[in-house]
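Understanding the architecture of this molecule
Below are the chains, spelled out letter by letter.
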Amino acid sequence: MTEPLSFITAILLGLFGASHCLVMCGGIAAAAGNADSQNRVRAALLFNTGRIASYTLAGALVGAAGLWLQSQHQWLMLGLRTIAGVMLILMGLYVAKWASWLTQVERLGQGLWGLIRPLAQKQLGRPSMGSQLLLGALWGWLPCGLIYSTLSWVAANGQPINGALAMFAFGLGTLPAIFSASLAAATLMQILNRVIVRKISGALLMLYGLWTLVSVWLPIANS
């Protein structure tokens, strides 16, 4: 990738945002697992497979959009990378519970989610494998500041294939938190929700966002 949003970095973004993932998807993940209590692990795997598949598709789409913007004007990409850095800082503030400004950004996806949500709700409580997979795939489009932050990075790279891989890696990073919620693994969920874990995760996200802004504008300032 042209930007250091590597496979490993994308995984770490998902891990750092674990507490936010539990807030946004923990309840529905637990419901998906409870819908098929005799096959709870299978239900969790299907739900998360569908969710990560949607992230991967979104990564490819925004990567293609970023590629188009890159062909239009360099300043558009600089602006997009700046937005990515700011979004990461906002995400860090939110995860650490220092500020909740990012929730305003999540409203951007409410229109699309309003169309998807009724179909997702129809899958709740259904024990069939198809319904569990579809529920995860639909829930992957839930408006989420953490996802938007990572997608802005992907778009700034302007590479559809790498964008899909980055979002796949991001999904893997979120897997421990959401999988534990699907299995009602209270111990892991309690660890991820500890104040110190949230604050460290938030601080790391903010540092990453600041580093992003510096990497974008420092070369220009020195030129």
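Please refer to the structure higher up on the page.
As a starting point, this report considers the structure included with it. (Residues numbered from 1 in each chain as written. Predicted model: local features only at pLDDT ≥ 70, side-chain atom pairs only at ≥ 80, totals over all residues. Heavy atoms only, no water.)

Across its full length, the chain carries 11 helices and zero strands. For the chain, the sequential pattern of α-helices and β-strands runs α-α-α-α-α-α-α-α-α-α-α. Taking all contacts inside the chain whose residues are at least 6 apart in sequence as the whole, residues at least 24 apart take part in 82%. Surface exposure of the chain reaches about 10300 Å², of which carbon and sulfur atoms provide 70%. (Helix = DSSP H or I, 4+ residues; strand = E, 2+ residues; numbered from the N terminus. Contact = heavy atoms within 4.5 Å. Areas by Shrake-Rupley, 256 points an atom, 1.4 Å probe, with all protein chains shown as cover.)

Structurally, the position occupied by glycine 145 is in helix α8 (residues 145–157). Taking relative accessible area as the criterion, glycine 145 reaches 0% and is therefore assigned buried. Distance in space between the C-alpha atoms of glycine 145 and glutamate 106 is 5.4 Å, their sequence separation being 39 residues. Aside from chain neighbours lying at most four places away, what touches glycine 145 is His20, Met87, Met91, Leu102 and Glu106. (Buried < 20%, exposed > 50% of the residue type's maximum accessible area, 1.4 Å probe, protein only.)

The next point concerns unusual backbone geometry. What you tend to see is this: most non-glycine residues have negative phi, and most peptide bonds are trans. In the Ramachandran plot, lysine 97 falls in the positive-phi region, its phi being about 65 degrees despite a non-glycine side chain. Residue placement: lysine 97 occurs in the loop between α4 (74–95) and α5 (102–106). Using a relative accessible area of 59% as the deciding quantity, one classes lysine 97 as exposed.

Moving on, we come to a nonpolar patch on the surface. On the surface, Phe7, Ile161, Leu165, Phe168 and Leu172 cluster together into a nonpolar patch covering about 460 Å² of accessible area. A per-element tally of the nonpolar patch places helix α9 (residues 160–182) first, with four residues. Residue position: leucine 172 is located in helix α9. (Patch = residues over 30% accessible without salt bridge, like charges linked within 9 Å, V, L, I, M, F, W, Y side chains within 5 Å. Salt bridge = Lys/Arg side-chain N within 4 Å of Asp/Glu carboxyl O.)

A separate point is the packing of helix α3 (residues 40–72) against α4. Relative orientation of the contacting elements α3 and α4 amounts to 135 degrees, with a least axis distance of 7 Å. Here α4 runs oblique to α3, going by the angle between their axes. Between α3, through Gly66, Leu69, Gln70 and Gln72, and α4, the contact on the second element is made entirely by Leu76, Met77, Leu80 and Arg81. (Axes fitted to C-alpha atoms, helices over the stretch in contact; angles between N-to-C directions. Parallel < 35°, antiparallel > 145°, perpendicular 65-115°, else oblique.)

A word on α4. With 22 residues, α4 should cover 32 Å at 1.5 Å per step; its first-to-last C-alpha distance of 32 Å lies within 8% of that length. The first or second residue beyond α4 is lysine 97, which carries a positive phi of 65 degrees. (Expected span 1.5 Å × (residues − 1).)

Positionally, leucine 119 belongs in helix α6 (residues 110–123). Take leucine 119: its relative accessible area is 40%, and that puts it in the partly exposed class. Taking the C-alpha atoms as reference, leucine 119 lies 7.9 Å from leucine 138; in sequence the two are 19 residues apart.

Turning our attention to α8. In a regular helix each residue adds 1.5 Å, so 13 residues correspond to 18 Å; α8 covers 19 Å between its end C-alpha atoms and thus fits that length. Within α8, 12 of the 13 residues are buried, which leaves the element mostly enclosed by the surrounding structure. Following α8 by one or two positions, glycine 158 has its phi on the positive side, about 65 degrees.

Within the largest apolar cluster, 44 residues are counted, with the highest numbers of intra-cluster contacts made by Phe47, Trp139 and Phe170. Ranked by residues supplied to this core, first place goes to α4 with nine residues. Excluding residues within four positions of it along the chain, phenylalanine 170 makes contact with Ala10, Ile11, Leu13, Gly14, Tyr55, Leu146, Ile147 and Thr150. (Core = buried A, V, L, I, M, F, W, Y, C linked by side-chain atoms within 4.5 Å.)

It is the contact of α6 with helix α7 (residues 129–139), at a shortest axis distance of 9 Å, that shows an interaxial angle of 160 degrees. With respect to α7, the element α6 is oriented roughly antiparallel. The hand of the α6/α7 crossing is left-handed. In this structure, α6 contributes Trp113, Ile116, Leu119, Ala120 and Gln123 to the contact, and α7 contributes Ser131, Leu134, Leu135, Leu138 and Trp139. Tallied by class, the residues present in the contact of α6 with α7 amount to eight nonpolar, two polar and no charged. (Left-handed = near helix turned anticlockwise from the far one by under 90°. Nonpolar A, V, L, I, M, F, W, Y, C, P; charged D, E, K, R; others polar.)

Per the stated rule, a full pass over the model turns up four aromatic pairs. Here the aromatic rings of tyrosine 208 and tryptophan 211 are separated by 6.1 Å at their centres, their planes lie at 20 degrees, and the arrangement is stacked. Residue tyrosine 208 and its partner tryptophan 211 are located together in helix α11 (residues 195–222), separated by three residues, close to a single helical turn. The exposure class assigned to tyrosine 208 is buried, which follows from its relative accessible area of 16%. These aromatic residues form a ring-pair network of at least three members: Trp153, Tyr208 and Trp211. (Phe/Tyr/Trp six-rings, centres within 6.5 Å; stacked < 30°, edge-to-face > 60°.)

Geometry only, nothing functional implied.
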